[in-house]
Number of protein chains: 2
Amino acid sequence: MKETLEMADTVLRSWVTTANQPDCDFPIQNLPYGVFSTERGAGPGAGEAAEVGARRCGVAIGDQIVDLAACEARGLIDAGGTFAQPQLNDFIALGRAKWDEIRARLTALLAEDGDRTLPLVPMADATLHLPIRVTEFTDFYASKNHAFNVGVLFRGPENALPAQWTHMPIGYNGRASSVVVSGTPIRRPMGQVKGQDGPEWVACRRLDLELELGAIVGADSAMGERVGVDQAEQMIFGYVLLNDWSARDIQAWEYQPLGPFQSKALGTTISPWIVTQAALEPFRSEGAPRMNPLLPYLAEARPGFYDLSIGWTMNGQPMARTNYNVMYYSSAQQLAHHTSSGCPMRVGDLLGSGTISGPAPDQTGALLEMTQGGANPVQVNGQPRTFIQDGDEIGLYGFAQGDGYRIGFGPCIGRILPAQA
Amino acid sequence: MKETLEMADTVLRSWVTTANQPDCDFPIQNLPYGVFSTERGAGPGAGEAAEVGARRCGVAIGDQIVDLAACEARGLIDAGGTFAQPQLNDFIALGRAKWDEIRARLTALLAEDGDRTLPLVPMADATLHLPIRVTEFTDFYASKNHAFNVGVLFRGPENALPAQWTHMPIGYNGRASSVVVSGTPIRRPMGQVKGQDGPEWVACRRLDLELELGAIVGADSAMGERVGVDQAEQMIFGYVLLNDWSARDIQAWEYQPLGPFQSKALGTTISPWIVTQAALEPFRSEGAPRMNPLLPYLAEARPGFYDLSIGWTMNGQPMARTNYNVMYYSSAQQLAHHTSSGCPMRVGDLLGSGTISGPAPDQTGALLEMTQGGANPVQVNGQPRTFIQDGDEIGLYGFAQGDGYRIGFGPCIGRILPAQA
């Protein structure tokens, strides 16, 4: 039995045959974690959890979900009962050795010579939930293209890139309570904006997306403890796609001097499956070239990015595609900086990468950039479009392309509901 | 038996006689909630909790703590077992009707004709803990004097007060994980600051306090729901003193364009006793005069501030004293604005008022203002001082002065430890 992909001469395959299709997001090399529930009688294995309808932890494989709570109840794996929890936080808190053990065990159970009696639930019969209880949410600003493009629009070209941008990962604390799972409708916010004769109370007129990767912190750090970049990388459990919905008109009026607040609090959508760091390891990559040396506390011993195609669609139409390795700061560098003051980190903290944008318009992760602040509309299904309209559906996608398989994230979708005046 | 203070012809008194001294922070009119633990055999009542040393909820009265877990075990009060929890969140979540019921019941039990067998623990024998699990922490910026004074130092007098300041409560999301209880040492942070030839990695050279009031959110709101100012006021459980420690040199370098981050993440100290809104009700007050009308979603039907003396000391020396009613936005207005985008609020959210500063230097809630950015040192115990030095102890205090009693917060103290390079 092959323990890891790296040891395989040929591509490892699963007895769950849908996982072996080359364009499947969830091959045996991936094994992302999520939380799901099922209605009564929804496929084999569904009845094995303590309570029908209860949220429990699973791993995606092909078009199926491995019911980890049922696996543990059968004695196939041991995670101290944490897989029966309605979020992954308690499992994640068990630490890296346990993550590795479960990954190796599931790889063995799902390989072609594995255990074909494993309790599976068809993904089509399951409801996917927020995979973690988001402890705190921090959002960064780590694509130079995005920082420059947005800076030009907010402050003009001469002040576009802040002076400290090439020296530190700039970030701000976001709001954890409005992080929701893919598929949750997002309501267009009301808000205060700058009008001709003073502020006005309006439905947001410049609603935007932000294409991001979210890192899930998998270990605590103590107050007063600084975490180095290498140690920070060891603290990251995995990644999700993240859409940091943004109300640009509210943002422009509110954001000085203390940063974005209500313009980013309307909702943040994440994909339901956490792709582990282990699954992405073969795709490790350099990021954007350094413009100047970093202070030692931010220096990385090895490349901290991934060769990860990432893009977004509007109402099914592909809008932009770029790569995570355009970023200037890795999640590990962001996490290290986050602890530089001694700030304690906790399991379940979510770190947004910042909007991922390449240099060209069809590589941008936000409409603000793509349309130059609304000045240059883009065509969406034959209609000119600047910002997001009611009923629009934004989808994010991302995958790392291996040889004969790919590590995918699955969709991260949100549809906009009209404002409630 | 008198149910409320308002009905009393004379000042209500307690059989706990230390509570009847006019300068006691914790008279029977106050009854603030906290979380405490005791060593074995520490006074009457200490042994009644399920586990010696366990954290449990209490109410301060004079120099004693009413052991609420023991009260509930004896059947004297009914809060569904929540007082045996190590934080007040579950009790708070029971809602306003329960808050009122317990307050009335404790008032009766502690009145001169009350129950003298109530389980008390001497405060001197108890360790006080963080009273809530801080769900999320938001900090505002609601003193015009502070906003202007600090704005002058960061951006010059012409850009000092941001254009939107008189129209909305400006706030930012802070870091909940570094909120600690009074008495917890605070370590001077290391951080990145602007140097002559680029950024430098140094121990903070401009460490400061911020004198604030913290409001504890006592009810959830749903995602997409906007809360009006009157409803927001009903959602506030009570208040603590709050010191938002600030690394001014780190802040100046990092804060544009996304706001303060590591400069505010080194620690936030709150006082251990939550003074309820009910206790402060007799001290309701107007705030600062409005410079322009507010949009309807921020308009208050009645005064939303309190006549609350508040000040701070350094190494025991009084440094400044002002009043909470100098503020421009109330906690209820801040909470209403916080939900304006549909952002959900949760029990245990902590809202910092923003630094409370009057117009004069000896009314300022931060050294940055008091010393005009370090230009004009102040005398502390005969020594010139600009910012906080290692070993300095900062104490906040606050109280509302009634007729023959006062509603006090008790101390909110933090001592600075040297940086760890």
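Residues numbered from 1 in each chain as written. Chains lettered and ligands numbered in written order. Predicted model: local features only at pLDDT ≥ 70, side-chain atom pairs only at ≥ 80, totals over all residues. Heavy atoms only, no water.

Q: Now, about the interface of chain B and chain A: what can you tell me, with residues and values included?
A: The interface is formed by 59 residues belonging to chain B together with 59 residues belonging to chain A. Three residues, Arg 175, Leu 258 and Phe 261 of chain B, lead the burial of chain B against chain A; their summed loss comes to 15% of the area buried on that side. At the surface where chain B touches chain A, the tally comes to 4 salt bridges. Connecting chain B to chain A are 32 residue pairs in polar contact (both at pLDDT 80 or more). Every element with two or more residues in the side of chain B that touches chain A is listed here: strand E6 (137-140), strand E7 (171-173), strand E10 (190-195), strand E11 (198-203), helix H6 (248-254) and helix H8 (331-338) of chain B. Per-class residue counts for the side of chain B that touches chain A are 30 nonpolar, 21 polar and 8 charged. (Contact = heavy atoms within 4.5 Å. Buried area = accessible area lost by both parts, 1.4 Å probe. Salt bridge = Lys/Arg side-chain N within 4 Å of Asp/Glu carboxyl O. Polar contact = N/O pair within 3.5 Å; in protein donor to acceptor, adjacent residues only side chain to side chain. Helix = DSSP H or I, 4+ residues; strand = E, 2+ residues; numbered from the N terminus. Nonpolar A, V, L, I, M, F, W, Y, C, P; charged D, E, K, R; others polar.)

Q: Run through the pattern of salt bridges, naming residues and quoting values.
A: Applying the stated criterion across every chain, the model contains 40 salt bridges over all chains. The closest approach of N and O atoms between Arg 302 of chain A and Glu 281 of chain A, which form a salt bridge, is 3.7 Å. Of this pair, Arg 302 of chain A sits in the loop between strand E18 (284-285) and strand E19 (305-306) while Glu 281 of chain A sits in the loop between helix H7 (277-280) and E18, and the two are 21 residues apart along the sequence. On the accessibility criterion, Glu 281 of chain A (30% relative accessible area) is partly exposed. Here Arg 175 of chain B ties to Asp 349 of chain A by a salt bridge, and the two come within 2.6 Å at their closest N and O atoms. (Buried < 20%, exposed > 50% of the residue type's maximum accessible area, 1.4 Å probe, protein only.)

Q: Describe the nonpolar core, naming the residues involved and giving the relevant values.
A: Leu 213, Leu 280, Trp 312, Leu 367 and Ile 388 of chain B are the most contacted members of the largest nonpolar core, which has 76 residues in total. When residues in this core are grouped by element, the largest group, 4 residues, is from strand E13 (residues 211-217) of chain B. In this structure Leu 213 of chain B touches Tyr 239, Val 240, Leu 241, Leu 242, Leu 308, Ile 310, Tyr 324, Leu 351, Gly 352, Ser 353, Ile 356 and Phe 409 of chain B, once residues within four positions along its chain are discounted. In this structure, Trp 165, Val 202, Val 217 and Ile 310 of chain A belong to the second largest nonpolar core, which totals 75 residues. (Core = buried A, V, L, I, M, F, W, Y, C linked by side-chain atoms within 4.5 Å.)

Q: So what about the pairing of strand E27 (residues 412-417) of chain A? Which residues, and what values?
A: Taken residue by residue, a regular strand's side chains alternate between the two faces of the sheet. Residues and elements named next belong to chain A. Taking every second residue as pointing to the same face, the buried face of E27 carries Cys 412, Gly 414 and Ile 416, while none of Ile 413, Arg 415 and Leu 417 on the other face is buried. Relative to E27, strand E9 (residues 186-187) is paired through 2 bridges, and the arrangement is parallel. Residue Ile 186 lies in a different strand from E27, and its bridge partner there is Ile 416. Two elements, strand E25 (residues 393-401) and E27, share 4 bridges in a ladder whose sense is antiparallel. Directly across from Glu 393, in E27, lies its bridge partner Arg 415. (Pairing = 2+ DSSP bridges.)

Q: If you had to explain unusual backbone geometry to someone new, which residues and values would you point to?
A: Geometrically, the link from Gln 256 of chain A to Pro 257 of chain A is a cis peptide bond, its omega value of 5° lying close to zero. Summarising the element assignment, Pro 257 of chain A is placed in the loop between helix H6 (248-254) and strand E16 (268-270). The phi dihedral of Gln 372 of chain B is positive, around 50°, even though this residue is not glycine. The partly exposed category is assigned to Gln 372 of chain B, whose relative accessible area is 34%. You will see that Asn 381 of chain B, though not glycine, has its phi angle at about 50°, which is positive.

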